[in-house]
Amino acid sequence: MPPKKKFSREQIIAVSFEIARTEGIGSITIRKVAEKLKSSIAPIYVNFKNVDELIQAVIKKTFAISQQILDQQCSGNAFEDIGLASLQFAREYPVLFRDLVINQNDYLENYDQDMGPVLIEQMKDDPDLEGFTEEELLTILLKMRIFQTGLSVMVSNGLLGEKEENAAELLREAAQDVICAARMRKNSTMKGEQTS
């Protein structure tokens, strides 16, 4: 009997990630991963209790890739960097993007807890956002996420056609509009308080 092949957790996660990238997260099964590895299911169960644990590892890898894409952006403008990273992820990983953003799932349950503070810290370093409280920054972030998610969905589904090359500019303009409106609202509130 030939010796059983051994696979590391990283190899199993890499194969599982490829399945998720091309077919969707719901397509990950222990049997399918074993087939891709040309192996029995035993090495997978040596490394993972069940398919849910394997899927969580794939989600973690996906977030790491997403963070890596964000880290590569260096415009100096937090919104632009966040938005451009989202557009790039949607363009490069459309199936995964749709799975995570459009389909109802529990995969993003901890996203806001994990990424929220990181994004707020980046926003605090942005000179365009100087003077906003953390609560105001959270509101601005939510508004931009709504726009950026919609735009990214359009990119992942190929709905922009020729206009996709202008997606980054649309993102910049929307960010400027949201920040300008937030600044005007803040100034209006401050003036109202001063006259009271």
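A. Just the overall build of the protein, in detail. The helix and strand tally for the protein stands at nine helices and zero strands. For 196 residues, the compact-globule formula gives about 16 Å, and the C-alpha radius of gyration of the protein, at 21 Å, lies well above that figure. Counting only residues that meet the buried cut, the protein has 39% of its 196 residues in that class. Looking at the protein as shown, the accessible area adds up to about 11800 Å², and 52% of this sits on carbon and sulfur atoms. Each charge sign in the protein was given a centre, from 23 positive and 30 negative side chains, and these centres are 9 Å apart.

B. Focus on unusual backbone geometry. In the Ramachandran plot, lysine 38 falls in the positive-phi region, its phi being about 60° despite a non-glycine side chain. A residue is classified by how much of its surface remains accessible, and lysine 38, at 67% relative accessible area, is exposed.

C. View of the packing of aromatic side chains. Tallying each qualifying case throughout the model produces two aromatic pairs. Here the aromatic rings of phenylalanine 17 and tyrosine 93 are separated by 5.9 Å at their centres, their planes lie at 70°, and the arrangement is edge-to-face. Residue phenylalanine 17 is found in helix H1 (residues 9-23), and its partner tyrosine 93 is found in the loop between helix H5 (78-92) and helix H6 (94-101); the two are separated by 76 residues along the sequence. Of the two residues examined, phenylalanine 17 and tyrosine 93, each falls in the buried class. Through a chain of ring-to-ring contacts, three or more aromatic side chains come together here, namely Phe17, Phe89 and Tyr93.

D. Region of interest: the environment of phenylalanine 48. Tracing the chain through its elements places phenylalanine 48 in the loop between helix H3 (42-47) and helix H4 (51-72). Note on phenylalanine 48: relative accessible area 1%, which makes it buried. In the structure, phenylalanine 48 is positioned 95 residues away from lysine 143 in sequence and 38 Å away in space, judged by C-alpha atoms.

E. Here's a closer look at the nonpolar core. Of all hydrophobic cores here, the largest spans 55 residues; its most connected members are Val33, Ile44, Leu54 and Met123. Only H1, helix H2 (30-37), H4, H5, H6, helix H7 (111-124), helix H8 (134-156) and helix H9 (167-195) provide two or more residues apiece to this core. Ignoring any residue separated from it by four or fewer positions in sequence, one finds leucine 54 in contact with Ile12, Ile13, Ser16, Ile28, Ile30, Val33, Ile44 and Phe48.

F. Seen up close, the confidence of the model for the protein. Per-residue pLDDT for the protein has a mean of 87; in total, 91% of the residues score no lower than 70. Per-element mean pLDDT across the protein ranges from 75 in H7 up to 97 in H1.

Conventions and cut-offs
- Residues numbered from 1 in each chain as written.
- Predicted model: local features only at pLDDT ≥ 70, side-chain atom pairs only at ≥ 80, totals over all residues.
- Heavy atoms only, no water.
- Helix = DSSP H or I, 4+ residues; strand = E, 2+ residues; numbered from the N terminus.
- Rg over C-alpha atoms; globule rule 2.2 N^0.38 Å.
- Buried < 20%, exposed > 50% of the residue type's maximum accessible area, 1.4 Å probe, protein only.
- Areas by Shrake-Rupley, 256 points an atom, 1.4 Å probe, with all protein chains shown as cover.
- Lys, Arg positive; Asp, Glu negative; His and termini not counted.
- Charge placed at Lys NZ, Arg CZ, Asp CG, Glu CD.
- Phe/Tyr/Trp six-rings, centres within 6.5 Å; stacked < 30°, edge-to-face > 60°.
- Core = buried A, V, L, I, M, F, W, Y, C linked by side-chain atoms within 4.5 Å.
- Contact = heavy atoms within 4.5 Å.
- pLDDT = per-residue confidence, 0-100.

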